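# Remarks on the overall topology
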Amino acid sequence: MNLEQFATRVKTSRAVVFFTGAGISTESGVPDFRSPGGVWTKYQPVLFQDFLASESARIQHWQLKKATYELFKTVEPNFAHLAICEFEKRGQLLGLITQNIDGLHKIAGTSDAKLVELHGTDRLVTCLKCAKRYEPADIYEDLGEEFTAPTCDACGGFLKSANVSFGQSMPVEAMQRAQSWSEQADIFVVIGSSLQVQPAASFPVIAKRCGALLAIVNRDPTPLDDMADFVHNGAIGDFFRRLQSKLGDS
Ligand SMILES: [Zn+2]
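About the thresholds
- Residues numbered from 1 in each chain as written.
- Predicted model: local features only at pLDDT ≥ 70, side-chain atom pairs only at ≥ 80, totals over all residues.
- Heavy atoms only, no water.
- Donors = N, O, S within 2.8 Å, 3.2 Å for Na, K, Ca; no water.
- Tetrahedral: all angles 85-135°; square planar, octahedral: opposite > 155°, others 65-115°.
- Phe/Tyr/Trp six-rings, centres within 6.5 Å; stacked < 30°, edge-to-face > 60°.
- Helix = DSSP H or I, 4+ residues; strand = E, 2+ residues; numbered from the N terminus.
- Buried < 20%, exposed > 50% of the residue type's maximum accessible area, 1.4 Å probe, protein only.

## Points about the coordination of the zinc ion
Under perfect tetrahedral coordination by four donors, a metal shows angles of 109.5 degrees; under perfect octahedral coordination by six donors, it shows angles of 90 or 180 degrees. Coordination sphere of the zinc ion, protein contribution only: Cys127 (SG), Cys130 (SG), Cys152 (SG) and Cys155 (SG), at 2.3 to 2.4 Å. Coordination at the zinc ion comes from 4 donor atoms whose angles at the metal span 95 to 114 degrees, giving a geometry best classed as tetrahedral. Between consecutive donor residues of the zinc ion, the sequence gaps follow C-x2-C-x21-C-x2-C.

Right, dumping it as structure tokens:
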């Protein structure tokens, strides 16, 4: 179907689910961490098992996260993040599932009740032992050139940014909410995800099998495009501007 037809379906839906990946944040200036010059080429992500086992791995984790923290201080939500907030205000949003750890959906104003951050968030630091929460600024601003890995002032456990690291299990409750929204969606919209990583790629398939209309908006083609009812390859901000103008004229 074309954008016109898609917009017509969107207008009457009360159960839209968005699923977002890195592509939605590039227009905010968040680079793909895997790309050349990205922060992952300078600091390798640390496996969770290594983080638990070795101080040097923990220091490597904090060096990477400090660089990310400095970057995340400077980025703001863009038109697409805000457009999704409008769906919640209109009572059309069943849920928003994101793979991103940049916290921009929350900063844009999506409520916790409607948001699942599948891979956790870098906007929080937690204790792995007692789950005490810390403001990132309180931790990162104390990390100088040379430092030891920060520990919890309540229990002495290791602190860690609240993202889900490689080798760390996916949060059970987040997975369950994402699964349930995917089953109940009447429109499921993928935004800026290449859908090449599991379990990300499974949610659109679940939604489609349960009868949702599936839309995929991404700069490049994805492996699930053939299954989708509506596909838009192009800039994401531009897509939301065009959709918004179609939703406006009724
Ligand atoms: Zn603790």
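## Observations regarding the packing of aromatic side chains
Per the counting criterion, the structure on display carries 11 aromatic pairs. Ring centres of Phe19 and Phe203 lie 6.3 Å apart, and the angle between their planes is 40 degrees; on these two criteria the pair is classed as tilted. Here Phe19 is found in strand β1 (residues 16–20), whereas its partner Phe203 is found in helix α9 (residues 202–209), with 184 residues between them in sequence. What makes Phe203 buried here is its relative accessible area of 1%. Ring geometry for Phe51 against Phe158: centres 6.3 Å apart, planes inclined by 85 degrees, an arrangement best described as edge-to-face. Of this pair, Phe51 sits in helix α3 (residues 48–53) while Phe158 sits in the loop between α7 (136–140) and β6 (159–163), and the two are 107 residues apart along the sequence. In this structure Phe158 comes out as partly exposed when scored by relative accessible area, which is 28%.

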